[in-house]
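An overview of the molecular structure
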Amino acid sequence: SFAYLTVKDRLPTILTKAVDTVHRHKKTFFEKYGQEGVEAEKRAIGLMSKLRNELQTDKAVIPLTDEFPDAAQWNTYIERQQAALGPEEFPSWFKSSWLFMECYMYRRIHESILLNPPICDFDVFSEAKIQSFFSSQDAILIVCTYLQELQRKIENFEESQLKDEFMLLMQVALWGNRCDLSISGGQDNSQKNNPLASLESLKSFILVDDSERVWNLLVNNWKNKTSQTTPIRVDIVLDNSGFELVTDLVLAYFLLSTQLADEIHFHGKSMPWFVSDTTRRDLDWTLKNLQASNHASLSMCGNMWEQNLHKGVWVYHDHLFWTLPHEFSDMSQDAPDLYSELHKSNLIFFKGDLNYRKLTGDRKWSHTISFDTALQGFHPAPLCSLRTLKADIQVGLKPEQAEQLTLSDPQWLVSGNYAIIQFSDPNPK
Ligand SMILES: O=P(O)(O)OC[C@H]1O[C@](O)(CO)[C@@H](O)[C@@H]1O
Ligand SMILES: [Mn+2]
């Protein structure tokens, strides 16, 4: 299975790269913290090497020992997994569920760093994220320039033009999800082609396309807006930093400036996660970097986006639930505060593959089962998954669609070449 290959090959590679990154920063740690920094670097590397050994020899999952606020919840989860197995067995890398073990690896990397002050705020993936941002420079410039030009024309747009632009920018944000650094084992996977020019030819690779339903929801909210109605809120559960993040911010800016939304809420990760996922620090770094650019459209985007955050029409949230191994159907029970926050939204976009696995509980569903069923009661608000397929799970397909895909391209589920725009509305009007 793809899970087996991930645990056997991809995760150890990612761990080795993390060890190497920490080691290459030895000098920086020395300059910053003196000998204490070097000692911390050695201890962190020791912990990560031990982790890699545990993984490769299928050792039992052990509880977390740091004091990060999610440690107790993690340990309860581990105990629950243990209890489900009984006294003869124990959760381990090759026997427990893929989702659990993969999340656990990233949490243990974080523990290796947390336990070692003064380097405890070091992001082992930061370098790769920054490099991927720079390798996507041309593509970033193209989408930011497009947004800037759109901005000039938007006021005179008819509804049909607004719809066309929304559809286009949603597809750009969709395909932006190809650029994650976990599927590539930490290797550069940035956007090299013109992201606008390829959209037409990519259309046939969108296996489920509910974009009309998403548009109808947005445009109806917009039309029914009065001075009495509450502001229209769109949430984006972010995925990767770099090119994908820029495409999400472009979409968010479009929604706000057309008043299809009055506020946008972003959700990021509270620790380095699945190599390229966005943390608050990545968002800040991205905005600063754009602001400092010599290209007018990049600096303009950086400035406008920063102002939106400042004005509070863009809100950034991080919640520890996003970095737990839980599937989203557990959210109302295990993170009721987050569930009620999402319940305030008019539309939630879930970016990326990992979010899709958590939305559907990472089960071996039949490909034709409905998305609503696979969500298993997770219906905080209308939601839409924008995801390129990088794990062997996909629901909501037509009869025979999966079989035909398997015949024409056996790797369709995991290559990242196919995508979905999949929508679910708990209370359709
Ligand atoms: O950034 P995304 O789209 O969530 O993808 C994360 C990657 O990590 C995995 O979840 C496992 O490695 C894959 O399924 C996917 O390739
Ligand atoms: Mn990711």
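Residues numbered from 1 in each chain as written. Chains lettered and ligands numbered in written order. Predicted model: local features only at pLDDT ≥ 70, side-chain atom pairs only at ≥ 80, totals over all residues. Heavy atoms only, no water.

- Per an unreviewed UniProt entry, the chain is named Sugar phosphate phosphatase, and its organism is Callorhinchus milii.
- Looking at the Sequence similarities (unreviewed entry) heading of the UniProt record, one finds this comment for the chain: "Belongs to the damage-control phosphatase family. Sugar phosphate phosphatase III subfamily." (UniProt positions renumbered as here; feature names shortened; annotations may be inferred.)

Section: the overall build of the chain
- Secondary structure summary: the chain contains 18 helices and seven strands in total.
- Taking 2.2 N^0.38 as the reference for a compact globule, 429 residues should give roughly 22 Å; the C-alpha atoms of the chain span a radius of gyration of 22 Å, in line with that estimate.
- Here the C-alpha coordinates of the chain stretch approximately 60 × 50 × 45 Å along the principal axes.
- As displayed, the chain has an accessible area near 18200 Å², and 51% of this comes from carbon and sulfur atoms. (Helix = DSSP H or I, 4+ residues; strand = E, 2+ residues; numbered from the N terminus. Rg over C-alpha atoms; globule rule 2.2 N^0.38 Å. Areas by Shrake-Rupley, 256 points an atom, 1.4 Å probe, with all protein chains shown as cover.)

A word on the side chain of R233
- The residue R233 is located in strand β2 (residues 233-237) in this model.
- The class for R233 is buried, based on a relative accessible area of 4%. (Buried < 20%, exposed > 50% of the residue type's maximum accessible area, 1.4 Å probe, protein only.)

A short note on the packing of aromatic side chains
- In this structure the tally under the stated criterion is 27 aromatic pairs.
- With a centroid separation of 6.3 Å and an interplanar angle of 40°, the aromatic rings of F321 and F328 are classed as tilted.
- Using a relative accessible area of 0% as the deciding quantity, one classes F328 as buried.
- The side chain of R357 reaches across the aromatic face of W98, ending 3.5 Å from its centre. (Phe/Tyr/Trp six-rings, centres within 6.5 Å; stacked < 30°, edge-to-face > 60°. Lys NZ or Arg CZ within 6 Å of the ring centre and 35° of its normal.)

Things to note about the domain arrangement of the chain
- Structurally, the chain comprises domain 1 (2-115) and domain 2 (125-424).
- Taking only C-alpha atoms, the centre of domain 1 and the centre of domain 2 are 28 Å apart.
- Between domain 1 and domain 2, the residue contacts involve 24 residues of the former and 27 residues of the latter.
- Taken together, the two surfaces of domain 1 and domain 2 that pack against each other cover about 2300 Å², and 66% of this comes from carbon and sulfur.
- The three residues of domain 1 that bury the most area against domain 2 are F2, L99 and Y106, which together make up 28% of that side's buried surface. (Domains from an automatic or database assignment. Contact = heavy atoms within 4.5 Å. Buried area = accessible area lost by both parts, 1.4 Å probe.)

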